[in-house]
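Residue strings, one per chain:
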Amino acid sequence: MMKYQELPVSPEILQAVEQMGFSEMTEIQEKAIPILLEGKELIAKAPTGTGKTCAFGIPLIEQLDLSADYPQALILAPTRELATQIADDLRQLAAFKPQIRIAVVYGGHSIKAEIAELQKKPQIIVATPGRLLDHAKRKNIRINKVLSVVLDEADEMLNMGFFKDVRYILDQLPKEKKLSMFSATISREVMDIGWLYQRNAEEIIVRPVEESRPQIQQYALECDGRRKLIALMHIISKMGYRRAMVFCNTKYMTSSLCGQLIKYGFAAECLHGDMDQRARNKIMAAYKAGQIHILVSTNVAARGIDVCDVEAVFNYELPEENEYYLHRIGRTGRAKREGVAYTFFAPEERTRLRDIARHTRSDIYLLTFDKEQNPVSSGEKL
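Residues take numbers from 1 onward in each chain, read along the sequence in its written order. Totals for whole chains, interfaces and linings use every residue, but because this is a predicted model, local features are given only for residues with pLDDT of at least 70 and side-chain atom pairs only at 80 or more, for both listing and counting. Only heavy atoms go into the side-chain values, all of them from the structure, while hydrogens and water stay out.

This brings us to the overall build of the protein. Numbering of helices and strands runs from the N terminus, with a helix taken as a DSSP run of H or I at least four residues long and a strand as a DSSP run of E at least two residues long. Counting its regular elements, the protein contains 13 helices and 15 strands. For the protein, whose C-alpha radius of gyration is 21 Å, the value lies close to the compact-globule estimate of 21 Å for 382 residues. Considered along the principal axes of its C-alpha atoms, the protein spans approximately 70 × 45 × 40 Å. Burial classes follow relative accessibility: with a 1.4 Å probe on protein chains only, a residue under 20% of its type's maximum area counts as buried, one over 50% as exposed, and anything between as partly exposed. Each of the 382 residues in the protein was classed as buried or not, and the buried ones make up 52%. Computation of the radius of gyration draws on C-alpha atoms alone. For the globule rule, the value is 2.2 Å times the number of residues to the power 0.38.

What follows is the structure, given as C-alpha cells:
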C-alpha cells in the first residue's frame, strides 16, 4: 500500500494525517487522491467505510486559496449525520492550517448558529441540499465562486429525492467547476448527473473483495418474542461488549427496546429520525466517549456515523431492504479492526434472511449456546 509520505502534499497535511493515526492509504485514497490533485473530475464507486472523506478532503484542502474569503469548495451529503462527520474529519485534516474555516449546514437545528458560522467566511462548506438552498434563498451564502464540489453518498442522496435540488445547486456554480462523486452504487441518477455536469471524468472502482471488506464475523440466531431480548442481553453480558449498536426498524421498537435495556441495568440510549439534532448530537457524543455502551437505533445511524471501535452490531429486526444489512453491520469492523454481527430471526423469516445473505454475498453462521450458555457458532451456514 502507498504511504501518505509519498504524496506531493504540504507538510501540514502529512502532520495532520499522522496525528489521525494513519500512515498507509486505503485503496480508494491511493486511487483518488492523485487524480483529484491533478484537478481532474472523478466518479468513484466504493463500499462504505473505505476512507472516502480523506480521499476527497486532502485534495480539496490542498487546492484552497487561503487568502480568499469566500466559499471555494462544497461537499453535499444526504444526511445531517454524514455532513457533521465529514466536517469533523475535514477539521482534523486542516488541524495545522488554522487559516482554513469550515462550516456545516443541515436541517433540524438552529439556523441562527449556522448564519453566524457563514458570516466567518468559510472556504469549505459541508451541507445537506435542502438546507444549503434555504441559506442561498435567504442570501446567507453565495456559492457562485465555488470551483470544487463533491457529492458524497451520491446514490443515497439522489435516491432520497434530492435530484432536482442537486441540479439546481450545480446550476448556480461556475461552468469551470470540478465535480466529483463518491457512491456505493452507480445508479441511473448518478449517471445522469455525471453526463450533465462532468467533462471527461476519471472512473475508479474499489470492489468489496475479501481483502478490503471489513473483517466481520456474521451470526444468526433463531428466536422471537421475548426470547430476543433475553438473547440480546445474554450475548452482550457474556461477551463483555462495551460498545454495541442494536438496529430496529421503527422508532417505537427502538424506544421500547432501549427502555427495557435500561430497566435491566444496561447503559443504553436510542436514536431515531424524530429526535431533534441537539439530542442526537448529545447522544452520539456520549456514545463516542464511552458513557453509553449500547446504542439502539433505526437506520438513521446505519450510514454516515463513523465510530471506529464498535465491537458488535445486532439486527434486532431484519432490515426491510437487503442493502441496509450491509450498511448496518458496516458500523463494526472499521479501521482494520475485526467486528461481529448478530441477526435475530423468527422461524418464518429464515427464507428472508437467506435472501439477504445471498444478495449481499454474506457468510452467516447459525449461532447456538453451549452448556455454560456462551454463544458459539454451530459451524452451519444459514
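A few words now on the sheet that holds strand β13 (residues 338-345). Ordered in space as β10-β11-β9-β12-β13-β8-β14-β15, the 8 strands form an open sheet in which the pairing is mixed. Of all strands in the sheet, those with a lone pairing partner are β10 (268-271) and β15 (375-381), marking the two edges. Strand-to-strand twist across the sheet, computed as the mean angle between neighbouring axes with direction ignored, equals 30°. Any two strands with at least two DSSP-identified bridges between them are counted as paired. Taken together, the 3 bridges between strand β8 (residues 215-222) and strand β14 (residues 364-369) define a ladder with parallel strand orientation. Looking at the pairing, Ala220 lines up with Leu366 of β14. Here helix α10 (residues 251-263) sits on the sheet and contacts β9 (244-247), β10 and β11 (294-297); the angle it forms with β10, its principal contact strand, is near 175°. Interaxial angle, 0 to 180 degrees, is taken between N-to-C directions of lines fitted to C-alpha atoms, where a helix line uses only the stretch in contact. The contact rule is simple, with two residues in contact once any of their heavy atoms fall within 4.5 Å.

Position of Asp152 relative to the elements: it lies in strand β5 (residues 148-152). Residues within four places of Asp152 in sequence aside, it is in contact with Lys52, Phe56, Leu76, Ala77, Pro78, Leu82, Ile86, Met157 and Phe182.

Summary: where empty space remains is shown by rolling a probe the size of a single water molecule over the atoms. Here a cavity denotes grid points, spaced 1 Å and computed from the protein atoms alone, that fit a 1.4 Å probe unable to get out, and a pocket denotes an open set having protein on both sides within 12 Å along at least 5 of 7 lines; residues with an atom within 4 Å of a point are the lining. Grid points are joined across faces, edges and corners, and a volume is the space filled by probe spheres set on the points. Approximately 310 Å³ is the volume found for the second largest pocket. Forming the walls of the second largest pocket are 20 residues, and the residues nearest its centre are Leu60, Gln63, Leu147, Ser148 and Lys178. Those elements that place two or more of their residues in the lining of the second largest pocket are α3 (52-62), β5 and β6 (178-183). In this classification, Asp, Glu, Lys and Arg are treated as charged, Ala, Val, Leu, Ile, Met, Phe, Trp, Tyr, Cys and Pro as nonpolar, and every other residue, Gly included, as polar. When its residues are assigned to classes, the lining of the second largest pocket shows 11 nonpolar, 5 polar and 4 charged.

None of the figures reported here should be taken as evidence of function without further support.
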